[in-house]
Amino acid sequence: MTRKSKAMYLTSYPAGLPSGDNFAVREVEVPAPGAGELLLRTVWMSVDPYMRGRMRPDVKSYIPPFSLEEPLDGGAVSQVIESNAEGFEPGDYVVGFSGGWKEYHTSPAEGMTKVDPSIAPLSAYLGVLGMPGMTAWSGLTQIINPKEGETLFVSGAAGAVGSLVCQLGKARGMRVIGSAGSDEKCAWLESEGGCDVAINYKNYPSSGELTKALAEAAPKGVDGYFENVGGDHLEAALNVIAFGGRMALCGMIALYNNTELAPGPGNLVNMIGRGVMAQGFIVSNYMHLTPQFIAEVGPLVASGQVKFRETTYDGLDKAGDAFVGLFHGENFGKAVIRVGPDAL
Ligand SMILES: NC(=O)c1ccc[n+]([C@@H]2O[C@H](COP(=O)([O-])OP(=O)(O)OC[C@H]3O[C@@H](n4cnc5c(N)ncnc54)[C@H](OP(=O)(O)O)[C@@H]3O)[C@@H](O)[C@H]2O)c1
């Protein structure tokens, strides 16, 4: 039987900051599942900054651009309604990198992973136990390679990725400095989020001012920089980077809505004399290490040792607003959309 579902479309590619006008909900037909496929009902869906890159049809990227003719797509936790695949039963919950921005979808079972709501709330599989959590763990452990007593600087520290980086860095004995865009976020980072010092970057609106604040918080320099923001943050980090510093280049959200290429930081030369290593990465580079990530972070989340925040939006219709909110700092922790009325 073919079902109808609401699905969110991109109606136009944003120029600069995206707005609600770039999105519209339409009705689509959901085909019955074929062999090896599942019919799924979305329970929670994710909006993530990388999706902005998929809204630039003219830029070649590691992932193809969204089409204006197809529903948007992204990470989601769903419930199995019908299964034509071994190992999946109706009622199971699964997480996958596709399925989001729709209420129902048909998907190959391959690429869907069963998740257990008794370990953590289902939405956590889109955040701290999902792609952003894996990103945080990979960049920290595989690139920054922390050592006890070192100093770590994390930009975008109150976001889904940054908040886990801070806590994992702290657990490894680092002095942790985070930056975020509100006093409320900074207070949480210092009380629960693993930061020794949290800097509200909005109080330091130039790379020079940010450098001063960072240098005060990191008197011995920054050994590891986890880059989520770019622009002034990168320049400030390069000003205070220590000899032998390592930088995990994860994202540069401050640049994603630029309509022209921003000039690079003028102080890249610091990397030469200080022997700094910088490595860009995509979480999928490290997918083979997922069992290690889950083995470490799963118990920390289940026991409450790792704290995580979520900002919840209700209903597929709100997904465009949630996405736009990422670029205004409206989310505190992971932004998730409750699509199923029974979302656990
Ligand atoms: N390489 C990978 O595989 C990979 C995977 C996942 C994510 N990422 C990247 O990692 C970064 C963090 O992702 P996330 O999922 O943690 O993000 P998130 O939870 O969605 O948080 C995004 C946060 O970025 C901050 N922000 C937005 N615009 C900013 C600006 N112009 N200047 C400074 N801060 C700004 C906002 O917080 P404030 O209130 O602090 O401004 C916002 O809440 C992003 O750059 C993303 O693209 C990369």
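Residues numbered from 1 in each chain as written. Predicted model: local features only at pLDDT ≥ 70, side-chain atom pairs only at ≥ 80, totals over all residues. Heavy atoms only, no water.

Okay, the sheet that holds strand 9 (residues 175-180) next. Here we have six strands laid out as an open sheet, ordered 10-9-8-11-12-13, and parallel in their pairing. Each of the sheet's edge strands pairs with one partner strand only, and the pair in question is strand 10 (197-200) and strand 13 (277-280). Sheet twist, expressed as the average angle between the axes of neighbouring strands with direction ignored, equals 15°. Pairing of strand 9 with strand 10, which is carried by four bridges, proceeds in the parallel orientation. What sits directly across from Ile177, in strand 10, is Val197. Taken strand by strand, helix 6 (residues 232-240) contacts strand 8 (151-154), strand 9, strand 11 (222-227) and strand 12 (241-249), and its axis lies near 150° from that of strand 12. (Pairing = 2+ DSSP bridges. Helix = DSSP H or I, 4+ residues; strand = E, 2+ residues; numbered from the N terminus. Axes fitted to C-alpha atoms, helices over the stretch in contact; angles between N-to-C directions. Contact = heavy atoms within 4.5 Å.)

Our next topic: the domain arrangement of the protein. Taken domain by domain, the protein comprises domain 1 (3-127 + 308-338) and domain 2 (131-285). Of note, the centres of domain 1 and domain 2, computed from C-alpha atoms alone, are 28 Å apart. Listed by partner, the interface residues are 21 residues for domain 1 and 16 residues for domain 2. Where domain 1 meets domain 2, there are seven residue pairs in polar contact (both at pLDDT 80 or more). Within the side of domain 1 that touches domain 2, the residues separate by chemical class into 11 nonpolar, five polar and five charged. (Domains from an automatic or database assignment. Polar contact = N/O pair within 3.5 Å; in protein donor to acceptor, adjacent residues only side chain to side chain. Nonpolar A, V, L, I, M, F, W, Y, C, P; charged D, E, K, R; others polar.)

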